[in-house]
Amino acid sequence: MSGETVKAEAVYNRTFIIVGSIVHSETITELIIYENGLIVVVNGKIVEVKDSVSCLSQLQQKYTITDDFVYRLGENEFVIPGFIDAHIHAPQYPNAGLGYDKQLLDWLDTYTFPLEAKYADLNYATKVYEAVVKKTLTNGTTTATYFATVHEDSSEVLADLVTQLGQRAFIGKVNMNIDSPKDLLETTEESYQRTEDLIKQLQGRNGEYLCPIFCILLLLHCDMTLMMKLGELASKYNVHIQTHISENTGEIAAVAKTYPDSKNYADVYDQAKLLTNKTVLAHGVHLKDEELALLVERGSSVAHCPNSNTSLKSGLCDVRRLLNARVKVGLGT
């Protein structure tokens, strides 16, 4: 459907050797440095990592890699693993740097929703999404967890682009069935069906590099009926889930008012069966101790977004507190 709006796939060499300094980490407190090592890549996959170049010739013979495809880093260069952006709103790229005078809920109404309505236009979506994927790849983001918009077709455009440009990605359409602008509002059945259709479509592609993910923008725009139906879908298709939690004090108060019978913000998601070991919750600036315990019990993760937290005056997340509570934490933009 959306393939016609996307340019042809670029062709890259997928078998090569990189020689030079290698820096990586296997734990949060450990840094490993090979000052003169090498990495062997075959058909796009790393098959060997060595801390010395003494075996270079043997590896070239083993994998039939000529000197033309041995890339030697300069004295001041080093190679590191690709960045993983655990939380990125692809459609908001044109709004980067706007709205420092607003907090979260006002920012959504003023900037986010008017912009996201434009993604009903596939040409506009293609232009922006291509820029997003290229920009993130240029800056070293090899894996991204993307929010798209409510539009199924333009979400497919984003999936086309990450596939063709060579980025690993989790992509999902947003679900909004209450208290939303008219041009972004879905019925519960529309939201459910479009989400299921997109899951089936994306799971039919290369699942190693492209995965569907459920997206709930905020509890304030998705009611319990829909959330419970999405929870059932997540279980049925074994799919990841991403949403927001405890980002802003105004948002937390609004959630408490909307769901007065729930213990806290995290409990609302838990009632809908949306807290799993495949759930990524963005921000988590103001999580309570009991919520941290629940996330650990369910295996859910937090995507820490320091730039957004400070820009929208949401607060400073005590990441060490989350880690000490044994919550899994990643970084997002």
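Residues numbered from 1 in each chain as written. Predicted model: local features only at pLDDT ≥ 70, side-chain atom pairs only at ≥ 80, totals over all residues. Heavy atoms only, no water.

For clarity, the threshold we go by: UniProt positions are given in the numbering used here, feature names are shortened, and annotations may be inferred rather than shown by experiment.
Labelled according to an unreviewed UniProt entry, the chain appears under the name Amidohydrolase-related domain-containing protein, originating from Diploptera punctata. Under the Cofactor (unreviewed entry) heading, UniProt states for the chain: "Zn(2+)".

**With respect to the pattern of salt bridges**
Which entries qualify depends on this criterion: A pairing counts as a salt bridge when a side-chain nitrogen of Lys or Arg comes within 4 Å of a carboxyl oxygen of Asp or Glu. Starting at the N terminus, helices and strands are each numbered in turn, a helix being any DSSP run of H or I of at least four residues and a strand any DSSP run of E of at least two. Partly exposed describes any residue whose relative accessible area lies between the buried limit of under 20% and the exposed limit of over 50%, with all areas from a 1.4 Å probe on protein chains only and scaled to the type maximum.
This structure, assessed with the given rule, holds eleven salt bridges. Across the pair Glu-48 and Lys-62 runs a salt bridge whose closest N-O atoms are separated by 3.0 Å. Of the two residues, Glu-48 is situated in strand 3 (residues 45–50) and Lys-62 in helix 1 (residues 56–63); the sequence distance between them amounts to 14 residues. Between Asp-270 and Arg-298 there is a salt bridge, and its shortest N-O distance comes to 2.7 Å. In this pair, Asp-270 sits in helix 8 (residues 265–271) while Arg-298 sits in helix 9 (residues 289–298), placing the two residues 28 residues apart along the sequence. Take Asp-270: its relative accessible area is 15%, and that puts it in the buried class. The exposure class of Arg-298 is partly exposed, given its relative accessible area of 29%.

**Comments concerning unusual backbone geometry**
One non-glycine residue with positive phi stands out, namely Lys-273, at about 60 degrees. Mapped onto the fold, Lys-273 is located in the loop between helix 8 and strand 12 (279–283). Using a relative accessible area of 61% as the deciding quantity, one classes Lys-273 as exposed.

**Side note on the nonpolar core**
A general feature of soluble globular proteins is that nonpolar side chains tend to end up buried together. Going by this rule: Among the buried residues, those of types Ala, Val, Leu, Ile, Met, Phe, Trp, Tyr and Cys that are joined through side-chain atoms within 4.5 Å form a nonpolar core.
Core analysis: the biggest nonpolar cluster contains 53 residues, and Phe-214, Leu-219, Met-227 and Tyr-269 have the highest contact counts within it. Within the second largest apolar cluster, 23 residues are counted, among which are Ile-88, Leu-115, Ala-125 and Ala-159.

**Details of empty space enclosed by the protein**
Leftover empty space is mapped by rolling, across the atoms, a probe with the size of a water molecule. As a reminder, the rule being used: Each cavity reported here is a set of points on a 1 Å grid over the protein atoms alone in which a 1.4 Å probe fits but cannot get out, each pocket an open set with protein on both sides within 12 Å along at least five of seven lines, and each lining residue one with an atom within 4 Å of a point. Grid points are joined across faces, edges and corners, and a volume is the space filled by probe spheres set on the points.
Enumeration according to the criterion identifies one cavity of 30 Å³ or more in this entry. Quantified by volume, the largest cavity comes out at close to 30 Å³. Lining the largest cavity are Ile-171, Gly-172, Lys-173, Thr-195, Leu-198, Ile-199, Pro-212 and Ile-213. Looking at the lining of the largest cavity, the elements with two or more residues in it are strand 8 (168–172), helix 5 (188–203) and strand 10 (210–216).

**Re the packing of aromatic side chains**
We count it as follows: When two rings of Phe, Tyr or Trp (its six-membered ring) have centres within 6.5 Å they constitute a pair, described as stacked for plane angles under 30 degrees, edge-to-face for angles over 60, and tilted for the intermediate range. Ring-over charges, as used throughout, are those where CZ of Arg or NZ of Lys falls within 6 Å of the ring centre and within 35 degrees of the ring normal.
Counted by the stated rule, this structure contains four aromatic pairs. Taking the centre distance of 5.2 Å and the plane angle of 75 degrees together, the rings of Tyr-119 and Tyr-124 count as edge-to-face. The class for Tyr-119 is buried, based on a relative accessible area of 0%. Here the aromatic cluster, defined as three or more aromatic residues joined through ring pairs, consists of Tyr-119, Tyr-124 and Tyr-129. Here the basic side chain of Lys-229 rests over the ring of Tyr-192, its NZ or CZ set 4.4 Å away from the ring centre.

**A few points about the pairing of strand 7 (residues 141–147)**
To keep it simple, the criterion reads: Two strands are said to pair when DSSP picks up at least two bridges between them.
Most of strand 7 sits out of view: six of its seven residues are buried. Relative to strand 7, strand 6 (residues 83–89) runs parallel, the two being bridged by five bridges. The partner of Asp-85 across the bridge, within strand 7, is Ala-144. Bridge count for strand 7 against strand 8 is five bridges, and the pairing is parallel.

**Topic: the state of the cysteines**
Applicable threshold: Throughout, a disulfide means two cysteine sulfur atoms within 2.5 Å of one another.
A full pass over the atoms with the stated rule returns zero disulfides. Cys-215 forms no disulfide, and the closest cysteine sulfur to it belongs to Cys-222, at a distance of 11 Å.

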